[in-house]
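Residue-level structure breakdown
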Amino acid sequence: MFSFILRRILISIPVALGVSTLCFMLIHFVPGDPVDIILGESANVIEKSALRSELGLDQPMLTQYGNFISGLLQGDLGRSIQSRRPVFEEIAERIPATLELTLGAMCLAVLIGIPLGIFAALKQYSGTDNVVMVFGLLGMSMPGFWLGPMLILIFSIQLDWFPVSERGGLEHLVLPAFSLAIALSAIIMRMTRTSMLEVIKEDYIRTAKSKGLAGGKIYFKHALRNALMPIITIIGLQFGALLTGTVITETIFDWPGIGTLFFSAIQERNYPLVQACILTVSLTYVAVNLLVDIAYAAVNPQVRLK
Amino acid sequence: MKKSLSKNFLFVAGLSIISFMLIMAIFAPILSPFSPYDIQLENRFLSPNAINWFGTDENGSDIFSKVLFGARISLMVALCVVGINCFVGLVIGSIAGYYGKWVDSLIMRIIDMLQAFPGFLLALSMVAVLGPSIRNLILAMCISGWTAFARLVRGEVLHLKHKEYVQAAVALGAKTPRVVLLHVWPNLTGPLIVQASFAMAGTIIAESSLSFLGLGAPPTEPTWGSLLNMGRKVLIDAPHISIFPGLCIVLLVLGFNFLGDGVRDYLDPKKH
C-alpha cells in the first residue's frame, strides 16, 4: 500500500508541474503587450515600466519561469493589480464560500442520485426505469446558467420560498447548490443503476435470496455495498467538474466564492489573480484525483496489486 | 438477434431532435420572420405574441429569429470543435495505440497532463486571455478536447491490432498507413459516433456557457448564451428572454445525449 501511495504521488508531481507551467504560459498567450492591455495604451511610460517589472515581464523567460515556480512553492504569486493585496490572500478569503457550495451540491447530488439509481435498477426496463433514465438524460442536458435563473424565477420570485442571491443561512444555499448538483446527480444516478445491475446478477445475491433474506437487507446490505466502488470513484472524479461549474453558478447567484473572484479578475484583466485562481482550482483537482485513487486502492486491493 | 437501430427509441428520438434543429439552423434566413439584427426600440421587452412568437429583447429584436440564428452558431461551433477534436484524437490515438512503446508512453503522459486540467476552465482562461471571438472559442475548446478521443482510439487500436484480419493484412505486406486506414479505422466508427455525440452535447453547453459569461462570440452575434446573459438582468420583468433560448439548448443537448446513448446501447453486446 505504501509503495502504491508513493508511486501515485510521484506520478502526480509532473502533472502538477505541467499544470503550473500551463498557468505560467497563460500571460504570454495574451496578444500584444499585457501591460498595455492592463493599463491601457495611453498610460505613461513610468507606470508601464513599473508594472512590467512588478509582473517580472522585463526578465528573460526562463528567469520568469523560475521565479513563478519558486513563488508558487512559497505560496506567493504576486499581488492583485486592482486591490494591491497578495493574490493568495484574496483567494483564501473566498475558499470557505466555494467549499460550502461545492460540498452542499455534492451532498444533494448523492442524496438524489443514489436512491434514484437503486430504484431504477431494481425495476429495470419497467416504465419507472425509463422515466428515471429520461429524467437523468434531461438533468445532464440542463446547463447551470439556465437552470439557475429558472430556479430563481420559480422558487424565489413566484413562490418566494428561497432568497434570490448572496450567501447566508441554509436557505441561501439551496438554490445554488441544487443548480450545481443537478448534472452530477444525473451522472451518479446512471452510475448507480449500472453498477447495481451488475451486482444483483452475482451469485452471492442469489444465495442471499435463496436463504430467504428480506429484499431490503439484500439490496442495501449485500448489493449496494459492493456496488458503491464505481459510484465513489465517479463522485471523486466529478469534483473537478463541480469546482469548474462554480464559476457560472456563483456568478448567477452572486455567491462570494472563487468563481466570482475568477470571473471579475478576467473582466478586469487582473492577470496575476486569474493565474492564481486557475492554479488553485487545477491543483485542487489534481490533489482530489490523487486522494480518490488512494482511497480506491485502500478499499480495493486489486487496484494496488496491478 | 440484434434489434435494428431504427427501433431504438433513444436513437430515433435523438436523431429526430437533431435533424429538426439542423433544418431550423440551415434555413434560418428563410424561416425567421425578422432579421436578428433589427433594432426596434419601440418594441422592447414584448411578451410572446402572435407576431413575435418568443417575444422581443431589450433592443426590440425578435427572439424567435435570434434563436434560429443562434442555432447556426451553436451547431457550427460544436461541429468544428468536435470535428477537429475527433480527427486529431483519431490520428494521435492511432499512433499511440499502433506503435506502442515509448511513443505510446509519451503521448499518454501528455494526455494525462491535459486531462488533469478541468477542460472548461482551460477553455475559459484561454478565451479570457486571447479575447472573445468565435475563432478563439473554437481554438480554446480544442486544446484539451481531443484527449478523450485519443484515449478511446488508443484503447480500441491496442485491441484491434491483434485481430486476425489486421495480422493477415500485415502478413500480406500491407504498409502501416494502409492497415490503419482500411482495416483498423472502419472498426472505430461505432465508438467514435458515441463519443462524438456526447462531445457535441458537452461542446454546445460549454460554448453557450462561455457566451453567457460574455467570453464567446462577440455580443453583436445572436447566440443562445448571450441571450441568456441579457435575460438574466431582466429576469423578473422579461422572463421569456431566458426561457426560450434555454429550452433550445436543453433540447439540442438532449438530442445528442439521446443519440449517444441509443448508439451505445445498440453497440453493447450485453444488451442483446
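Being a predicted model, the structure only gives us computed values, none of them experimental. (Residues numbered from 1 in each chain as written. Chains lettered and ligands numbered in written order. Predicted model: local features only at pLDDT ≥ 70, side-chain atom pairs only at ≥ 80, totals over all residues. Heavy atoms only, no water.)

1. Some remarks on the overall build of chain B
Selection criterion: Numbering goes from the N terminus for both helices and strands, where a helix is a DSSP run of H or I of at least four residues and a strand is a run of E of at least two. Buried means the residue's accessible area, taken with a 1.4 Å probe over protein chains only, is under 20% of the maximum for its type, while exposed means over 50%, and partly exposed covers the values in between.
A tally of regular secondary structure across chain B gives 12 helices and zero strands. For chain B, the sequential pattern of α-helices and β-strands runs α-α-α-α-α-α-α-α-α-α-α-α. Principal-axis analysis of the C-alpha atoms gives chain B an extent of 75 × 45 × 30 Å. In chain B, buried positions account for 54% of the 272 residues.

2. Digging into the interface of chain A and chain B
By a widely used convention, the size of an interface equals the accessible area lost when the partners come together. For the record, the criterion: A contact between two residues is defined here by any heavy atoms of the two lying within 4.5 Å. By buried area we mean how much accessible surface two parts lose on assembly, using a 1.4 Å probe and totalling the loss over both. One side-chain nitrogen of Lys or Arg within 4 Å of one carboxyl oxygen of Asp or Glu is enough to make a salt bridge. We define a polar contact as two N or O atoms separated by no more than 3.5 Å, with the added condition that, inside protein, one atom must be a possible hydrogen donor and the other a possible acceptor, whereas residues neighbouring each other in sequence contribute only through side-chain atom pairs. For this classification, the nonpolar set comprises Ala, Val, Leu, Ile, Met, Phe, Trp, Tyr, Cys and Pro, the charged set comprises Asp, Glu, Lys and Arg, and every other residue, Gly included, is treated as polar.
Opposite the 40 residues of chain A that make contact, chain B presents 40 residues. When the two sides are added together, the surface that chain A and chain B hide from each other amounts to roughly 3,700 Å², 81% of it contributed by carbon and sulfur. Our count for the contact surface shared by chain A and chain B stands at one salt bridge. Our count for the contact surface shared by chain A and chain B stands at four residue pairs in polar contact (both at pLDDT 80 or more). Its residues assigned to classes, the side of chain A that touches chain B comprises 32 nonpolar, five polar and three charged.

3. Structural notes on the layout of surface pockets
All names here are of chain A. Quick note on the threshold: The rule is simple: put a 1 Å grid over the protein atoms alone, call a set of points where a 1.4 Å probe fits but cannot get out a cavity, call an open set with protein on both sides within 12 Å along at least five of seven lines a pocket, and count a residue as lining if it has an atom within 4 Å of a point. Grid points are joined across faces, edges and corners, and a volume is the space filled by probe spheres set on the points.
A volume near 450 Å³ is recorded for the second largest pocket. For the lining of the second largest pocket, the elements supplying multiple residues, two or more each, are helix 1 (2-29), helix 3 (45-55), helix 4 (61-73) and helix 13 (271-299). Ranked by residue count, the leading element in the lining of the second largest pocket is helix 4, at four residues. When its residues are assigned to classes, the lining of the second largest pocket shows seven nonpolar, nine polar and three charged.

4. Describing unusual backbone geometry
In terms of backbone geometry, most residues other than glycine have negative phi values and most peptide bonds are trans. Even without being a glycine, Tyr125 of chain A presents a positive backbone phi close to 65 degrees. Among the secondary structure elements, Tyr125 of chain A is positioned in the loop between helix 5 (87-122) and helix 6 (127-141). In the Ramachandran plot, Lys101 of chain B falls in the positive-phi region, its phi being about 50 degrees despite a non-glycine side chain. Relative to the assigned elements, Lys101 of chain B resides in helix 4 (residues 101-115). When its relative accessible area of 70% is taken as the criterion, Lys101 of chain B is described as exposed.

5. A few points about the pattern of salt bridges
Throughout the structure, instances matching the rule amount to 10 salt bridges over all chains. With a closest N to O distance of 3.4 Å, Arg85 of chain A and Glu89 of chain A form a salt bridge. Classification of Arg85 of chain A as partly exposed rests on a relative accessible area of 26%. Residue Arg109 of chain B is joined to Asp112 of chain B by a salt bridge in which the shortest nitrogen-to-oxygen separation is 2.9 Å. A residue pair is termed a helical-turn pair when its members lie 3 or 4 positions apart in one helix, as Arg109 of chain B and Asp112 of chain B do in helix 4 at three residues. When salt bridges that share partners are traced, they join Arg85, Glu89 and Glu93 of chain A into one network.

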